[in-house]
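Breakdown of the fold
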Amino acid sequence: MRRILVTGARGQIGVELTLALRKRYGAARVVASDLAEAQPLDDLYERLDCMQADAVADLMRRRDIDVVYHLAALLSAVAEDRPQAAWSVNMSGLYNVLEAARRFGCQVFFPSSIAAFGPSTPRRGTPQITIQRPTTIYGVTKVAGELLCDYYATRFGVDARGLRLPGLVSSAAPPGGGTTDYAVEMFRAAALRKRYSCFLAAETRLDMMYMPDATRAIMELMEAKPERLRFRNAYNVTGMSVTPREIAAEICKHAPTFAVDYRIDPLRQAIADSWPQSLDANAAREDWGFAPRFDLAAMTRDMLVRLGAATD
Ligand code: NAD
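This report concerns the structure included in the present document. (Residues numbered from 1 in each chain as written. Predicted model: local features only at pLDDT ≥ 70, side-chain atom pairs only at ≥ 80, totals over all residues. Heavy atoms only, no water.)

A closer look at the overall build of the chain
Selection criterion: Strands are runs of DSSP state E lasting at least 2 residues, helices are runs of H or I lasting at least 4, and numbering of each runs from the N terminus. Each radius of gyration is computed over the set of C-alpha atoms, and the globule rule expresses the reference value as 2.2 Å times the number of residues to the power 0.38. For accessible areas, the Shrake-Rupley method is used with a probe of radius 1.4 Å. Any residue's cover is judged against the shown protein chains and nothing else. Just so you know, the count uses Lys and Arg for positive and Asp and Glu for negative, and it drops His and the chain ends. By convention, the point assigned to a charge is CZ for Arg, NZ for Lys, CD for Glu and CG for Asp.
Tallying secondary structure elements over the chain gives 11 helices and 14 strands in all. Radius of gyration (C-alpha) of the chain: 19 Å, near the 20 Å computed for a compact globule of 312 residues. Each of the three principal axes of the chain carries a C-alpha extent, and together these read 55 × 45 × 40 Å. Element-wise, carbon and sulfur atoms account for 52% of the exposed surface of the chain, whose accessible area totals about 13,200 Å². Charge-centre separation for the chain: the mean point of 39 positive side chains lies 2 Å from the mean point of 36 negative side chains.

Description of the site of the ligand
What counts, and what does not: The near set for a molecule or strand comprises every residue that places at least one heavy atom within 4 Å of it. Under the rule applied, a polar contact is a pair of N or O atoms within 3.5 Å (in protein, one hydrogen donor and one hydrogen acceptor; residues adjacent in sequence only if both atoms are side-chain atoms). Site definitions follow a grid-based scheme: protein atoms alone, a 1 Å grid, a 1.4 Å probe that fits but cannot get out for cavities, and for pockets an open set with protein on both sides within 12 Å along at least five of seven lines, plus lining residues having an atom within 4 Å of a point. Occupancy of a cavity or pocket is assigned to a molecule whenever over half of its atoms lie within 2 Å of that pocket's grid points.
If you check the shell around the ligand, you find 25 residues, and the closest are Gln12, Ile13, Asp34, Asp49 and Tyr138. One of the side-chain nitrogen or oxygen atoms of Lys142 is found 2.9 Å away from an oxygen atom of the ligand. Here Leu168 contributes a backbone N or O atom positioned 3.0 Å from an oxygen atom of the ligand. Isolated, the ligand exposes 820 Å² of accessible area, and the fraction of that covered by the protein chains is 90%. Under a 2 Å grid-point criterion requiring more than half of the atoms, the pocket assigned to the ligand is the largest pocket. When residues of the shell around the ligand are traced back to their parent elements, those giving at least two are helix 1 (12–25), strand 5 (107–113), helix 5 (137–156) and strand 8 (167–169). Looking at which element gives the most residues to the shell around the ligand, the answer is strand 5, with three residues.

With respect to the state of the cysteines
Applicable threshold: Disulfides are defined as cysteine sulfur pairs within 2.5 Å. Burial classification: accessible surface area is computed with a 1.4 Å probe over protein chains only, and a residue below 20% of its type maximum counts as buried, one above 50% as exposed, and the rest as partly exposed.
Taken as a whole, this structure holds zero disulfides when the rule is applied. Free of any disulfide, Cys252 has its nearest cysteine sulfur in Cys198, 13 Å distant. Looking at Cys252, the relative accessible area reads 25%, which means it is partly exposed.

Some details on the pairing of strand 2 (residues 30–34)
The following threshold applies: Pairs of strands are assigned from DSSP output, requiring at least two bridges between the strands. We call a crossover right-handed when, viewed with the strands running away from us, the connection from the first strand over the helix to the second turns clockwise.
Judged by how many residues are buried, strand 2 sits mostly within the fold: five of five residues are covered. Alternating positions in strand 2 separate into two faces, Val30, Ala32 and Asp34 on one and Val31 and Ser33 on the other, with burial throughout. Bridging between strand 1 (residues 3–7) and strand 2 involves three bridges; their strand directions are parallel. Bridging across to strand 2, Ile4 finds its partner in Val30. You can see the chain leave strand 1, run along helix 1 and come back into strand 2, and the turn it takes is right-handed. Relative to strand 3 (residues 45–47), strand 2 runs parallel, the two sharing three bridges. Across the sheet, Ser33 pairs through a bridge with Glu46, a residue of strand 3.

What about the layout of surface pockets?
As a reminder, the rule being used: Grid points are joined across faces, edges and corners, and a volume is the space filled by probe spheres set on the points. Under the scheme applied, nonpolar residues are Ala, Val, Leu, Ile, Met, Phe, Trp, Tyr, Cys and Pro; charged residues are Asp, Glu, Lys and Arg; polar residues are all the others, including Gly.
Looking at the largest pocket, its volume works out to about 820 Å³. Around the largest pocket sit 39 residues that line it, and Leu71, Ala72, Ala73, Leu74 and Leu75 are the ones nearest its centre. For the lining of the largest pocket, the elements supplying multiple residues, two or more each, are helix 1, strand 5, helix 5, strand 8 and helix 6 (181–191). Its residues placed into classes, the lining of the largest pocket shows 22 nonpolar, 12 polar and five charged. Of the pockets and cavities examined, the second largest pocket occupies roughly 410 Å³. Lining the second largest pocket are 17 residues, and of these Glu16, Ala20, Lys23, Pro212 and Thr215 lie nearest its centre. No other element matches the six residues that helix 7 (residues 211–223) contributes to the lining of the second largest pocket. Among the residues forming the lining of the second largest pocket, the class breakdown is eight nonpolar, two polar and seven charged.

Next up, the structure:
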């Protein structure tokens, strides 16, 4: 039986994507992997450092992997703090996965990001094809990753596909050091009836998406007929374009005493100011039917219920 491998499976996306993949394709078909040691008797998880090329290839051969969801990476704020490590993890990890995919004939999912754009990109209605000159090391690895995946697709026929994901909001695993983490932190604070100090300015507008829409979009892209894909790496997708003030106001409809103050972190504010405010996701809609189900109101209701906050 050929299997699916998820790298970085203990992260914000990996926890929920692994569950969604197991539900869709059967638990036994999905091998989760990350840096943490395996628990005894857990046959569906393996420790894997994606920077170890031999270990990546060995696992993919042993487990007869035919699809890889390559999520292991360092995120934007962590990457800016440790740029050398970010280049190594994000680039050599992806290269090792693509090389093994080439050898074993695997399909590969690569998560790009709104960070693949930069200050010279049109910020509103950011087109599918546009200027990509990011000014963060994270963004540089995402553009390079998109190009490397496209190269493996055209040069070696590797079925590599990707999405430019916006900031993701989710309730299961905490976010891993990105610039849009404030949104998740805001919901968690509201659920605990705590005040929240936001590290981005109140009017900072960025694209966001709720995790159930993201995991569904990832699986739908991977199932799409290849001849329908005008692009591979990577499709713009988004669920909403929102500011911290708008999210706080929506939370206040359910938790009227929730309060936010703004203590700006210059590093993350500078990153956010270099990113688009609203992506044009028409190519994804036209080519493979991308259609998010959650807007800000629906996401807020669902997040607060999942986090156990009382809602009216
Ligand atoms: P995360 O930081 O929550 O999780 C990343 C996981 O990768 C962690 O569990 C970490 O232990 C693991 N990891 C780190 N180095 C590794 C290595 N050398 N080998 C194996 N595993 C390693 O990140 P996430 O939010 O789940 O993001 C997953 C992917 O999606 C990343 O490529 C990220 O750039 C991309 N993405 C995320 C978002 C978002 O908002 N979460 C948005 C756009 C793109």
